[in-house]
Amino acid sequence: MTGDTAEVVIVGGGIVGVSTAYLLGKLGVKSVVVERDAIGSHASGFAYGGIGAGGIPDPIAPLGREGWKLHNEFSKILPESTGVNFDFRYRSSLYLAFDDSESSQLKATLPWRQSELGSKVRWLDQKELRDLEPRVAPDAIGALIDEMQGDLEPYRLSLALTQESEKLGATVRHGNVTGLTRENGRVTGVVLENGKISCDVVVLALGPWSGTASKWLGIPIEIRPLKGQILRLQAPGSPVKCSVGWSGNYAITKPDGLLWAGTTEEEAGFDENPTSEARDIIMQSVIKTLPFMIDARLAQHTACLRPLAADGVPILGPVPGWRGVFIGSGAGRQGIRLGPGMARVITDLITEGKTDIPINPFDPARFAKK
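Thresholds, definitions, all that
Residues numbered from 1 in each chain as written. Predicted model: local features only at pLDDT ≥ 70, side-chain atom pairs only at ≥ 80, totals over all residues. Heavy atoms only, no water. Pairing = 2+ DSSP bridges. Helix = DSSP H or I, 4+ residues; strand = E, 2+ residues; numbered from the N terminus. Axes fitted to C-alpha atoms, helices over the stretch in contact; angles between N-to-C directions. Phe/Tyr/Trp six-rings, centres within 6.5 Å; stacked < 30°, edge-to-face > 60°. Buried < 20%, exposed > 50% of the residue type's maximum accessible area, 1.4 Å probe, protein only. Lys NZ or Arg CZ within 6 Å of the ring centre and 35° of its normal.

**Q** Any chance you could break down the sheet that holds strand β8 (residues 177–183) for me, citing the residues and the numbers?
**A** Taken in spatial order, the three strands line up as β8-β9-β10 in an open sheet, and their pairing is antiparallel. Edge positions in the open sheet fall to β8 and β10 (195–198), since each of these has one partner strand only. Across the sheet, the axes of successive neighbouring strands diverge by a mean angle of 25°, strand direction being ignored.

**Q** Account for the packing of aromatic side chains, with residues named and values stated.
**A** Scanning the entire structure with this criterion turns up six aromatic pairs. An angle of 20° between the planes, with centres 4.0 Å apart, marks the rings of Y48 and Y250 as stacked. Within this pair, whereas Y48 is found in the loop between α2 (43–46) and β3 (50–52), its partner Y250 is found in strand β14 (residues 249–253), the two being separated by 202 residues in sequence. Considered together, Y48 and Y250 belong to a single accessibility category, that of buried residues. Centre to centre, the rings of F98 and W246 are 5.6 Å apart; their planes meet at 80°, and the pair counts as edge-to-face. Highlighted residues: F98 in the loop between β4 (89–97) and α4 (100–108) and W246 in strand β13 (residues 243–246), separated in sequence by 148 residues. W246 shares its class with F98; the two are buried. Put simply, the rings of W68, F88 and Y90 pair up and form one aromatic cluster. When the ring centre of Y95 is taken as reference, the NZ or CZ atom of R113 above it lies at 5.3 Å. Positioned above the aromatic ring of Y48 is the side chain of K254, whose terminal nitrogen or guanidinium carbon lies 5.1 Å from the ring centre.

Below is the structure:
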């Protein structure tokens, strides 16, 4: 940044924002990341960090595949370059069934899951499930297993991406954006509480606060916060090596030695405080799937707000009426998995004016067309 001028201003220092700064930097495009609080201080720093090659239906699947590809690239480059280890690893995921209805619902997803490139998904009967993880609840009748899954520590990934972006010419600036300026339909700058940055390109990666941009842009950005809470538990016995999931919940021992368990989906506005009610709900699910966890002790309890679009589909692409403005948000519970793929789309659009990833379903103008 020279004075108050930048090539690209990225508003938001979560996974989408810092991934975009990194990918732009690799192509020689310098950016300024404007963050109101601190890098990775919200959902991107407190998320579970689950990633995978598949398991997401269309139209979001291409973003998931690109995210998986980029996460693998990040894992090979960033720890060595930055010295920040974000615990990237491969592991399997189990999705348990406790009755015939749950079994049928899971088995119905097998065709599209198995059709995905590189898929390693199959059904486990009760014996196969016990052989893999004997501590799973005895009344689980089977499980779907996906062997092309992984996880990482999202806060440290955010730091590694930021550090590498800075090496490539990006600047991180603290500030609260209050608006945009334009001339003849083209964005000309970002307005902050304490000044302005002139630029030709703006990326809006505001997470659950993306709705505030509606008044800047003159179109509805229908994104709301979806609260999620996670417990980190000191668990007895050996680590749980694969993610054990049921009814949208999960539990797995992470490299920090703690068993991470979650999560909730709460409509709580912008309240980021952990609650005892959520703790109890999560523990009930953990004990149902892994009964030995009744002896676990709580080590840490966190909460975060994920950005969820009104129709459950990310908002991604150029903003109509504002040449040079792009938005990437609304991935809900899949933010870490999809974030780098969303950043790839934005980077392609900025540098090439097009992208190979289908983005029509993510049109930022779709809520104005109702």
